[in-house]
Amino acid sequence: MPEMYFSDAIRAALDEALTRDASVVLMGEDIGPYGGAFGITRGLHEKYGPERIIETPISENGFVGVAVGAAMTGLRPVVEIMFMDFILLAADQIINHAAKLHYIYDGQVKVPLVIRAPAGAGRGYGASHSQNLENVFLSVAGLKIVCPATPADAKGLLAAAIRDPNPVLFIEPKALYGARGEVPEGDYTVPLGVARLAREGKDLSIITYGACVPLALAAAGELSEGGLEADVLDLRTLKPMDLTALEATVAKTGRCIVLEEGPLTGGIGAEVSARIGERCFRALKAGVQRVAAQDTPIPSATPLEHAVLPSVAALLAAADRLFE
Amino acid sequence: MPEERLLSAYRKMLLIRLMEERIGALFTEGAIAGTCHLCIGQEAVAVGVAEALELGDEVVSCHRGHGHLLAMGGEPARLLGELMGRQIGYCRGRGGSQHLSAPGIGLLGTNGITGGGIPIATGAALSAHLLRTGAAIVCFFGDGATNQGVFHESLNMAALWSLPVLYVCENNRYAMSEPVCRTVAGGDILARPRAYGISAECVDGMDVEAVEAAARRALAPLRAGKGPAFIEAATYRFCGHSKSDKLLYRTREEEAKWRERDPLTLTRLKLEKAGWKETLPWIEEEVRRQIAEAEEACRRSPLTPPETALQGVYADA
Ligand SMILES: Cc1ncc(C[n+]2csc(CCOP(=O)(O)OP(=O)(O)O)c2C)c(N)n1
Ligand SMILES: [Mg+2]
């Protein structure tokens, strides 16, 4: 299997989808010759032309809505939101329209739409260019939410998202664009809704996704030196969530930490720990711990930014609490 | 403009130019993190408009706001401090380039969301109108921002309610890599405010005197309660959109053509003709010294302590 950058794996999935399915079109700002703010669509304009790679004005609510209409009527748009923060301008079209139409129109229309959203902090971009907003969308019925942590999953999950008949929010951790890993060639999909065990252990579980998977693995390495072996569960799909995998890891270890880069309050961890409380109460040997960003806007200056983001140290402290 | 004022406008433009160049260098060195959008080439718009403002007027800026801040009298040390996360920074490093505020000098804030400042400026104008402060509000944004829905919604309300807001569109021909001809239907930005009944004028954004005159023309009826006005300033950013931009979407010929109209050169030529040739090198030396001192003051200021990051999420009563 060839090694690839995470960013190239995403491009490979887009490229193959464009080749395989003539109804797939890309939409977004600067995605033409410029190749997108993060270079993900580089070369696709030259290969597929402006009718497939549709460069839009800075009109997020408008072009996401246009993509919704196009998805209802025969196209499969894959929309790029330059930074996930800007998805809030399109929240109406996503939440009030895309996610609901199949249900409220009683199944007579489908909205096969993918919204790609580079997310995450750690680069000093400041409050409007650093957010993880998946928690904002977690409660939206009818929307699927996916977030890969490895190049292989980036390709496989995106390929599956594009074939899915529903609107899918596909979150790309900016911090992982430069990560490398083996990626299967050719037509390769990873099913939505299935988590992945990124590391096996018996003493505690770290449940996480996206850019926090490497953080969890680093903490697990340190814990292992102290004699504790952690399961690291990479959720991969946040909605619908793989509850079977959640139950399995907690049943095994009885102790768990939920880790995310977004804010603590109302975060993914709130949902995960509630599910665990409901389903695995008897297996728990300690209260579920959450490690997340502080409940502040993301500050710009690097030391301030680090102070509000989750860290290996915070994970180790949470692990200590599990064994108090 | 009287000659002394033109001289001081030149000094401000030079301060902006040299500060932006220094910020670019500090960014390349890694002393500044994140991203920053420099306004090299667009100095005459910021300074020309600021020259027409009065005490109490307020400015809402966008992502490319260093020039607006300095034109309003912002302190270079506090701008650098903001970019470098120092206590001296306008927001102690919390905001950074795209999210800073200096209300003490009339800058309500820069804004990282394209178009995000347009309704905010309109709201500031609503306050000025209802509270009878007599202030005029200026809103700076780019050509690309005129494609946001909120641009149209805001202009409509400002016109309906006769709000004292001057919209200044810095048309630098591109929104990142996208040229106006591919993003603005019809190609004419002025048609947009005019559709809402807002008087609108295009001005040579490389000529600081022309910008100032246009701003004064626009502000007089606005201050008299006649409602909003709109200026499109034709300009060009000589640098990339941000530091990672390789400028593959425009030609070197086009850049050279615009560089012939460098706002600093144009003003320098005027001043030389008026007999100020000897003074100009002194001004440059003074501005360079000012920037060096600002950088020293910034570096002397301590880094903002990380624990402060958790404070101030809510305002106290
Ligand atoms: C809502 C939103 N969409 C996209 C961006 C990314 N972005 C930042 S500046 C910019 C171009 C803005 O162009 P223009 O308004 O012409 O201003 P200029 O950069 O030319 O000064 C883009 C697309 C953003 N910051 N916010
Ligand atoms: Mg522009």
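Residues numbered from 1 in each chain as written. Chains lettered and ligands numbered in written order. Predicted model: local features only at pLDDT ≥ 70, side-chain atom pairs only at ≥ 80, totals over all residues. Heavy atoms only, no water.

Details of the overall build of chain B
- Assigned secondary structure in chain B consists of 12 helices and 8 strands.
- For 317 residues, the compact-globule estimate of 2.2 N^0.38 gives 20 Å, and the C-alpha radius of gyration of chain B, at 19 Å, lies within 12% of that figure.
- Projecting the C-alpha coordinates of chain B onto the three principal axes gives extents of approximately 55 × 50 × 40 Å.
- A buried classification covers 57% of the 317 residues belonging to chain B.
- Relative to all contacts within chain B whose residues are 6 or more apart in sequence, the contacts with residues 24 or more apart total 74%.
- For chain B, the exposed area adds up to about 13100 Å²; of that, 55% sits on carbon and sulfur atoms. (Helix = DSSP H or I, 4+ residues; strand = E, 2+ residues; numbered from the N terminus. Rg over C-alpha atoms; globule rule 2.2 N^0.38 Å. Buried < 20%, exposed > 50% of the residue type's maximum accessible area, 1.4 Å probe, protein only. Contact = heavy atoms within 4.5 Å. Areas by Shrake-Rupley, 256 points an atom, 1.4 Å probe, with all protein chains shown as cover.)

Some remarks on the packing of aromatic side chains
Residues and elements named next belong to chain A.
- Summed over all chains, the structure comprises 14 aromatic pairs over all chains.
- Residues Phe38 and Phe83 carry aromatic rings whose centres are separated by 5.3 Å and whose planes lie at 55° to one another, so their mutual orientation is tilted. Note that Phe38 is positioned in the loop between strand E2 (24-28) and helix H2 (44-48) and Phe83 in the loop between strand E4 (76-80) and helix H4 (91-98), a separation of 45 residues in sequence.
- Given the relative accessible area of 8%, Phe83 is considered buried.
- Taking 5.4 Å as the distance between ring centres and 40° as the angle between the ring planes, the aromatic pair formed by Phe38 and Tyr177 counts as tilted. You can see Phe38 sitting in the loop between E2 and H2 and its partner Tyr177 sitting in the loop between strand E7 (168-173) and strand E8 (180-182), a full 139 residues away along the chain.
- Residue Tyr177 is classed as buried on the basis of its relative accessible area, which comes to 6%.
- Grouped by ring-pair contacts, the aromatic residues Phe6, Phe38, Phe83, Phe86, Tyr125 and Tyr177 constitute a single cluster.
- If you follow Arg180 out to its NZ or CZ, it ends over the ring of Tyr5, 4.6 Å from the centre. (Phe/Tyr/Trp six-rings, centres within 6.5 Å; stacked < 30°, edge-to-face > 60°. Lys NZ or Arg CZ within 6 Å of the ring centre and 35° of its normal.)

Some details on the interface of chain A and chain B
- Listed as interface residues are 34 residues of chain A and, on the opposing side, 32 residues of chain B.
- Of the roughly 2400 Å² buried where chain A meets chain B, counting both sides, 63% is carbon and sulfur surface.
- Sorting the residues of chain A by area buried against chain B places Tyr34, Ile58 and Leu304 of chain A first, and these three jointly supply 26% of that buried surface.
- Applying the counting rule to chain A against chain B returns 1 salt bridge.
- Between Arg182 of chain B and Glu55 of chain A there is a salt bridge, with its nearest N and O atoms 2.6 Å apart. (Buried area = accessible area lost by both parts, 1.4 Å probe. Salt bridge = Lys/Arg side-chain N within 4 Å of Asp/Glu carboxyl O.)

Observations regarding the site of ligand 1
- Around ligand 1 sit 22 residues, and of these Glu60 of chain A together with His63, Arg64, Gly112 and Gly144 of chain B come closest.
- Near ligand 1, the surrounding residues are drawn from chains A and B.
- In the model, an oxygen atom of ligand 1 is placed 3.1 Å from a nitrogen or oxygen of the Asp143 of chain B side chain.
- Protein contacts shield 98% of the accessible area of ligand 1, which totals 580 Å² for the unbound molecule.
- Considered class by class, the residues forming the shell around ligand 1 number 9 nonpolar, 9 polar and 4 charged. (Near = heavy atom within 4 Å. Polar contact = N/O pair within 3.5 Å; in protein donor to acceptor, adjacent residues only side chain to side chain. Nonpolar A, V, L, I, M, F, W, Y, C, P; charged D, E, K, R; others polar.)

Quick notes on the sheet that holds strand E9 (residues 196-199) of chain A
All names here are of chain A.
- With respect to topology, 5 strands assemble into an open sheet ordered E9-E11-E10-E13-E14, the strand pairing being mixed. Looking at the sheet topology across the chains shown, the edges are occupied by E9 and strand E14 (289-293). Averaged over neighbouring strand pairs, the angle between their axes works out to 25° when direction is ignored.
- Where helix H8 (residues 212-225) meets the sheet, it contacts E9, strand E10 (204-208), strand E11 (230-234) and strand E13 (256-263), and its direction lies at approximately 45° from that of E9.
- Along the sheet face, helix H9 (residues 243-253) touches E9, E10, E11 and E13 and points at about 155° away from the line of E10. (Pairing = 2+ DSSP bridges. Axes fitted to C-alpha atoms, helices over the stretch in contact; angles between N-to-C directions.)

Points about the sheet that holds E2 of chain A
Residues and elements named next belong to chain A.
- Read across the open sheet, the 7 strands follow the order E3-E2-E4-E5-E7-E6-E12; overall the sheet is mixed. Of all the strands in the sheet, just strand E3 (53-55) and strand E12 (237-239) have a single pairing partner and so form its edges. Strand-to-strand twist of the sheet, defined as the mean angle between neighbouring strand axes without regard to direction, takes the value 20°.

Remarks on helix H5 (residues 117-130) of chain B
- Given a rise of 1.5 Å per residue, 14 residues ought to cover 20 Å, and the 20 Å separating the end C-alpha atoms of H5 of chain B matches this to within 8%.
- Residues of H5 of chain B that are buried in the fold lie against strand E1 (58-60), strand E2 (107-109), strand E3 (137-142), helix H6 (149-160) and strand E4 (165-171) of chain B. (Expected span 1.5 Å × (residues − 1).)

Re the packing of helix H1 (residues 3-29) of chain B against helix H11 (residues 263-273) of chain B
All names here are of chain B.
- At a minimum axis distance of 10 Å, the contact between H1 and H11 shows a crossing angle of 150°. In this view, H1 runs roughly antiparallel relative to H11, as classed from their interaxial angle. Where H1 crosses over H11, the two elements pack in a sense that is left-handed. Two secondary-structure elements touch here, H1 through Glu3, Leu6, Leu7, Tyr10, Met13, Leu14 and Arg17 and H11 through Pro263, Leu264, Thr267, Arg268, Lys270 and Leu271.
- Class assignment of the residues belonging to the contact of H1 with H11 gives a composition of 8 nonpolar, 1 polar and 4 charged. (Parallel < 35°, antiparallel > 145°, perpendicular 65-115°, else oblique. Left-handed = near helix turned anticlockwise from the far one by under 90°.)

A short note on the domain arrangement of chain A
All names here are of chain A.
- Here chain A is partitioned into domain 1 (3-182) and domain 2 (196-322).
- The gap between the C-alpha centroids of domain 1 and domain 2 is 26 Å.
- Across the boundary between the two partners, domain 1 contributes 28 residues, which contact 25 residues of domain 2.
- Summed over both partners, the interface of domain 1 with domain 2 buries about 2000 Å², with 60% contributed by carbon and sulfur atoms. (Domains from an automatic or database assignment.)

Focus on the nonpolar core
- By size, the foremost hydrophobic cluster in this structure holds 84 residues, and its most contacted members are Leu169 and Leu235 of chain A.
- Top element by residues in this core is helix H1 (residues 6-20) of chain A. It accounts for 7 residues.
- When neighbours within four sequence positions are excluded, Leu235 of chain A is seen to be in contact with Val194, Ala195, Ile207, Thr208, Tyr209, Met241, Leu246, Ile268 and Val272 of chain A.
- Membership of the second largest hydrophobic core comes to 71 residues, among which are Ala50, Tyr90, Ala102 and Val168 of chain B. (Core = buried A, V, L, I, M, F, W, Y, C linked by side-chain atoms within 4.5 Å.)

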